[in-house]
Amino acid sequence: MDESLLGELVRVIEIEAVTTYDLRRRLLRESWAGAQVAFPEDDVPGALHLGVIDDDVLVAVASFSPEATPYRPTARAAKLRGMAVEPTAQGAGVGRRLVDVGVQRLRVEGFEVLWANGRDTALGFYRRLGWRVMGAGFRNANGIPHHVIMREL
Ligand SMILES: CC(C)(COP(=O)(O)OP(=O)(O)OC[C@H]1O[C@@H](n2cnc3c(N)ncnc32)[C@H](O)[C@@H]1OP(=O)(O)O)[C@@H](O)C(=O)NCCC(=O)NCCS
């Protein structure tokens, strides 16, 4: 989809953590029964939850919270978690827009670095947005392959 057209169709808004749960459950927990979709980072001071609204429907979510990274220990760092775009909305620039808005907000607040534990299946997306892959891969508690990823703000 053309980026300028996307701009007219979607809005990025601030949402409550609880509003992210449905997309997190379906996209990141593959609807496992009893999966934990509330993250410890959700309620730390300064946590920011963003959603993309397309035609009054929430189609994407992402959460940002202050958290240091050993890859840039002296930088003021934020962590991205819970990045999820509704399958029917994927590939249209929605994820890029969501991260861009988060980055703008974090810059204004004086953050210098954004990092995440990125699923290996999504590393191509983050690389397209200018993130770097750091260090060796690992499996998270659910056995899913990840790498630490990071970008300057
Ligand atoms: C990964 C995800 C967030 C990407 O969102 P999206 O809205 O589809 O991505 P966009 O359309 O904004 O893509 C931006 C660019 O990244 C590319 N891209 C998107 N997903 C990609 C992938 N998995 N691998 C390689 N490139 C990818 C797009 O082609 C696009 O490239 P362009 O600049 O040439 O146009 C989405 O596919 C998703 O929610 N996946 C399931 C959950 C998940 O894995 N979340 C991330 C956990 S770390």
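Values in this document were obtained by computation on a predicted structure and should not be read as measured data.

Among the nonpolar cores identified, the biggest contains 28 residues, and Ala60, Ala62, Val94 and Leu98 are the most heavily contacted of them. Listed by contribution, the elements that provide at least two residues to this core are strand 2 (48-54), strand 3 (57-66), strand 4 (77-85), helix 3 (94-108), strand 5 (113-119) and strand 7 (145-152). Counting residues per element, this core draws most heavily on strand 4, which supplies 6 residues. In this structure Val94 touches Val10, Val52, Val59, Ala60, Val85 and Ala89, once residues within four positions along its chain are discounted.

To continue, consider the pairing of strand 2. In this sheet, strand 2 lies alongside strand 1 (residues 10-14) in antiparallel orientation, the contact comprising 5 bridges. When the bridges of strand 2 are listed, Ile13 appears paired with Gly51. Relative to strand 3, strand 2 runs antiparallel, the two being bridged by 7 bridges. Directly across from Gly51, in strand 3, lies its bridge partner Val61. Connecting the antiparallel pair strand 2 and strand 3 is a turn made up of 2 residues, with Asp55 showing a positive phi of about 55°.

Residues in close proximity to the ligand total 19 residues, the closest being Gln90, Gly95, Arg96, Gly124 and Phe125. Going through the elements one at a time, helix 2 (21-28), strand 4, helix 3, strand 5 and helix 4 (123-128) are the ones with two or more residues in the shell around the ligand. In terms of residue class, the shell around the ligand is built from 9 nonpolar, 7 polar and 3 charged.

Bringing unusual backbone geometry into the picture now. Its identity is not glycine, yet Asp55 carries a phi of approximately 55°, on the positive side. By secondary structure assignment, the location of Asp55 is in the loop between strand 2 and strand 3. Residue Asp56 is not a glycine yet carries a positive backbone phi of 70°. Relative to the elements of secondary structure, Asp56 occurs in the loop between strand 2 and strand 3.

Parameters and conventions
- Residues numbered from 1 in each chain as written.
- Predicted model: local features only at pLDDT ≥ 70, side-chain atom pairs only at ≥ 80, totals over all residues.
- Core = buried A, V, L, I, M, F, W, Y, C linked by C-beta atoms within 7 Å.
- Buried ≥ 20, exposed ≤ 12 C-beta atoms within 10 Å, placed from the backbone.
- Helix = DSSP H or I, 4+ residues; strand = E, 2+ residues; numbered from the N terminus.
- Contact = placed C-beta atoms within 7 Å.
- Pairing = 2+ DSSP bridges.
- Near = placed C-beta within 6 Å.
- Nonpolar A, V, L, I, M, F, W, Y, C, P; charged D, E, K, R; others polar.

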